[in-house]
2 protein chains.
Amino acid sequence: MEFIKELNGGFSVIENLKVSGAREGKYGVTIIYSPNSTASAVFTSNKVVAAPVKYTKNVLKKGIISAVFVNSGNANCFTGEQGFKDCETLVGLVSNELDVPKDEIAISSTGVIGREMPIDIISKVANESFSRLGNSPEDSLAAAKAIMTTDTFPKECAVEVTLTNGETVKIAGITKGSGMIAPNMGTMLSFIVTDAVVPADDINKALKKSADISFNMIVVDGDESTNDTCLMMANGSSGIEVVSDGKLDDNFQEALNYVCINLAKKMARDGEGATKFIEANVCGAKNENDAKLAAKSIISSSLFKSAVFGGDPNWGRIVSAIGYSGCDLNPDIVTIAIANEEYDVDLVKDGKILAFENTPNLEIAEKVMQSKNVVVNIDMHLGDGEATAWGCDLTYDYVKINAEYTT
Amino acid sequence: MEFIKELNGGFSVIENLKVSGAREGKYGVTIIYSPNSTASAVFTSNKVVAAPVKYTKNVLKKGIISAVFVNSGNANCFTGEQGFKDCETLVGLVSNELDVPKDEIAISSTGVIGREMPIDIISKVANESFSRLGNSPEDSLAAAKAIMTTDTFPKECAVEVTLTNGETVKIAGITKGSGMIAPNMGTMLSFIVTDAVVPADDINKALKKSADISFNMIVVDGDESTNDTCLMMANGSSGIEVVSDGKLDDNFQEALNYVCINLAKKMARDGEGATKFIEANVCGAKNENDAKLAAKSIISSSLFKSAVFGGDPNWGRIVSAIGYSGCDLNPDIVTIAIANEEYDVDLVKDGKILAFENTPNLEIAEKVMQSKNVVVNIDMHLGDGEATAWGCDLTYDYVKINAEYTT
């Protein structure tokens, strides 16, 4: 889309915004200082909800956020009364340091569940982080790095979007997450800032739309976390309004989708232990919901994920995963293709298997399966429903990482 | 339960029943010859349904089965018209060999999906199997072995049950399954025969009840197969009726539950790559359905399964899995304990964590996690709902087996 231009530098592209990150061992602290921004967020739907999620939900009722405090290493979840006290302690720290009201401070945590926060260490790392607040690309990268847990690379995205009226605004975000990534936002934390002027209610609506086709369409292991948060702030530093007559600019929504999908794909690519990235595109489903069910089921199937790790173009596991997804399916007319940057080959066309032993289709399919990026394209020939989901292969290292994480 | 006595010998405990098994490489054929038996079955709910499942559903409308033909190595699924022709060919073979009507022959397949049946090899192995039909414990074991795919041990169970009126009848069964085991019957095939007299409709009702608390409560990888079949036959050789005034004898239902749970647990224990067996008991749930959701979610969580492999008593992952299961939960009052044959220790009691670092509870918990059998006991303190689910750990070998299965 020519109205969206990807930029380097992460948060540094936004004016009136300072960020920082610091780390000591497994504990990291990221600060986002964005005074007097309108804000909204989407959260985990897990019934076990971390203290900072409850705390931040409450703060967001006002719709104004001036600072976000994020720590990695401890999720502050299943921590009872002490968990809330720790939130208050940390928010007090931020309020003092940055001179912002306590009720404009959001807080987020990621890490081990069910252990009390090591508040001394986190306060110490926080002080280090406060001292580094700045607006350079390096500061943004440090912020993206300090929220990592088992992530293997920091995840940033920034864009400039030309609105339908020709004006331009910017959107930038960071994210973390690689395990416990489930259909409804795994342990992911995402923070997005725009320099546009956007009322909190419109942020909320736009963010829900974007999250539904991005963060909610990635699966690493099907475990949904207790801490998931995607928080978006509009600091208005561009002075440009993107809502007029109650309607959000279409290009702005597209650009937000772009940022969310970009960040979500980076999470899927960095799935714990992953060696390959999987994209499942479903079209021709009875409706959009069916397409989502099918696409997610493919990238969630442990059997298919293992097959991708092993380089096996196993269409039987693909069609079986669609079959138990709950969507409508007629296996006799389905088309299944796989593709990478170089090839695009039908495994099954209109229900007929084309990739039997010793066929050229199977030879090409086996080459595709050796790629780092495997795309599965399904046409169900039943209707207009379309959806895309992203995931990764299931590997020895996923098991290793999670067998060893807390012990 | 003193009215149920477990017996050795599998199918050999039932009179008027002959079974056999033969194998060549990855192809096996099991025959169950049980003339003129009333019968019913429960099948996969996957929308991609193998040809033999469709075929057998149709045959069962009559409610009489005289023989069952089962092959392993190829699932005869996603095989179009040819799949049905192959069913007919094999049923013709059985009809000729055993001189039973074609419409009393059930057929089942397990193995690779989406490849045509190697009908020549299977016919050859079938002939070998026919020549071995017998009623010894060795014949039953051969039948249990010939249906294995990635299973590592054959699975049989036989019981004698004393009915409420003092008479005794027997129930025996075999099963296979270790991958693609999902909440609603993974690639599992189970065949159960009783010498009681039971109308087909009553078999159907009893089998559904038993399957719901046994086969439908095990999860290995969450992938649901296209071929799942649990078929039960009553050959009436004892002459004893277990249904009177339209009501099935309670002890018979209990005994059928026992056989199904015994076979289901053997499947979970033999989950692909498994090194440990997990049992999750949930009590105090709001209702039975909530208890089932919670129990299944625990044994389905890739993160908890990996933790069990690593010997980590990770209550955070347990409570998180309950939290996203969809059941009602108040984390502040939940009790979580783990146990093995020797120990039983609270990790969390009434919402308070008891197994912090350097506590005796954590020391004991770590010992429990080293066992081959890990039992998780949850009390949600919300109601009377109870359920049990069974599974296994997630290991390097699960990935290895499934990365290499077809290539």
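These numbers come from a predicted model, not from an experiment. (Residues numbered from 1 in each chain as written. Chains lettered and ligands numbered in written order. Predicted model: local features only at pLDDT ≥ 70, side-chain atom pairs only at ≥ 80, totals over all residues.)

**Thoughts on helix α8 (residues 302–310) of chain B**
Next, step 1: Within α8 of chain B, nine of the nine residues are buried, which leaves it mostly tucked inside the rest of the structure.
Next, step 2: Within α8 of chain B, the full set of buried residues consists of Ser302, Leu303, Phe304, Lys305, Ser306, Ala307, Val308, Phe309 and Gly310 of chain B. (Buried ≥ 20, exposed ≤ 12 C-beta atoms within 10 Å, placed from the backbone. Helix = DSSP H or I, 4+ residues; strand = E, 2+ residues; numbered from the N terminus.)

**Side note on the sheet that holds strand β15 (residues 344–349) of chain B**
Next, step 1: Pairing is mixed in the open sheet, where seven strands are placed in the order β9-β18-β13-β17-β14-β15-β16 (chain B). The strands lining the two open edges of the sheet, one partner per strand, are β9 (218–219) and β16 (352–353) of chain B. (Pairing = 2+ DSSP bridges.)

**Looking at the environment of Leu362 of chain B**
Residue and element names in this part refer to chain B.
Next, step 1: With respect to the helices and strands, Leu362 occurs in helix α10 (residues 360–368).
Next, step 2: Judged by the 17 C-beta atoms lying within 10 Å of it, Leu362 is partly exposed.
Next, step 3: On a C-alpha basis, the gap between Leu362 and Ala172 in space is 42 Å, while along the polypeptide they are 190 residues apart.

**Let's talk about the domain arrangement of chain A**
Next, step 1: Domain boundaries in chain A define domain 1 (4–269) and domain 2 (277–404).
Next, step 2: When grouped by side-chain class, the residues that make up the side of domain 1 of chain A that touches domain 2 of chain A number seven nonpolar, three polar and two charged. (Domains from an automatic or database assignment. Nonpolar A, V, L, I, M, F, W, Y, C, P; charged D, E, K, R; others polar.)

**Comments concerning the confidence of the model for chain A**
Residue and element names in this part refer to chain A.
Next, step 1: This prediction gives chain A a mean pLDDT of 90; 95% of its residues lie at or above 70.
Next, step 2: Here residues 180–186 is modelled with pLDDT under 50, and outside its nearest four sequence neighbours on either side it reaches 37 contacts, counting other chains as well.
Next, step 3: Interface predicted TM-score (ipTM) for the complex: 0.72; the corresponding pTM is 0.80. (pLDDT = per-residue confidence, 0-100. Contact = placed C-beta atoms within 7 Å.)

**Considering the pairing of strand β5 (residues 105–112) of chain A**
Residue and element names in this part refer to chain A.
Next, step 1: The element β5 is extensively covered by neighbouring structure, given that seven of its eight residues are classed as buried.
Next, step 2: Here strand β4 (residues 64–74) pairs with β5 via eight bridges, running parallel. Counterpart to Val68 in the pairing with β5 is Ala106.
Next, step 3: In this view, the connection linking β4 to its parallel neighbour β5 by way of helix α2 (residues 80–98) has right-handed handedness. (Right-handed = clockwise from strand over helix to strand, strands pointing away.)

**Quick notes on the packing of helix α5 (residues 200–212) of chain A against helix α6 (residues 250–269) of chain A**
Residue and element names in this part refer to chain A.
Next, step 1: With their axes 9 Å apart at the nearest point, α5 and α6 run at an angle of 45 degrees to one another. Judged by the inter-axis angle, α5 sits oblique to α6. As α5 runs across α6, the sense of the crossing is right-handed. Residue-level contacts link Ala206, Lys209, Ser210 and Ala211 of α5 to Gln253, Leu256, Asn257 and Cys260 of α6.
Next, step 2: Taken together, the residues of the contact of α5 with α6 sort by class into four nonpolar, three polar and one charged. (Axes fitted to C-alpha atoms, helices over the stretch in contact; angles between N-to-C directions. Parallel < 35°, antiparallel > 145°, perpendicular 65-115°, else oblique. Left-handed = near helix turned anticlockwise from the far one by under 90°.)

**Description of α5 of chain A**
Count 3.6 residues to each turn of an α-helix, and residues three or four apart come out pointing the same way.
Residues and elements named next belong to chain A.
Next, step 1: Compared with the 18 Å implied by 1.5 Å per residue over 13 residues, the 18 Å span of α5 between its first and last C-alpha is a close match.
Next, step 2: Residues Asp202, Ile203, Ala206, Leu207, Ser210 and Ala211 constitute the buried set of α5. The arc that holds every buried residue of α5, seen down its axis, measures 155 degrees, which confines them to one face.
Next, step 3: Where α5 is buried, its residues meet β3 (27–43), β10 (229–234), β11 (243–244), β12 (247–248) and α6. (Expected span 1.5 Å × (residues − 1). Arc of directions from axis to C-beta.)

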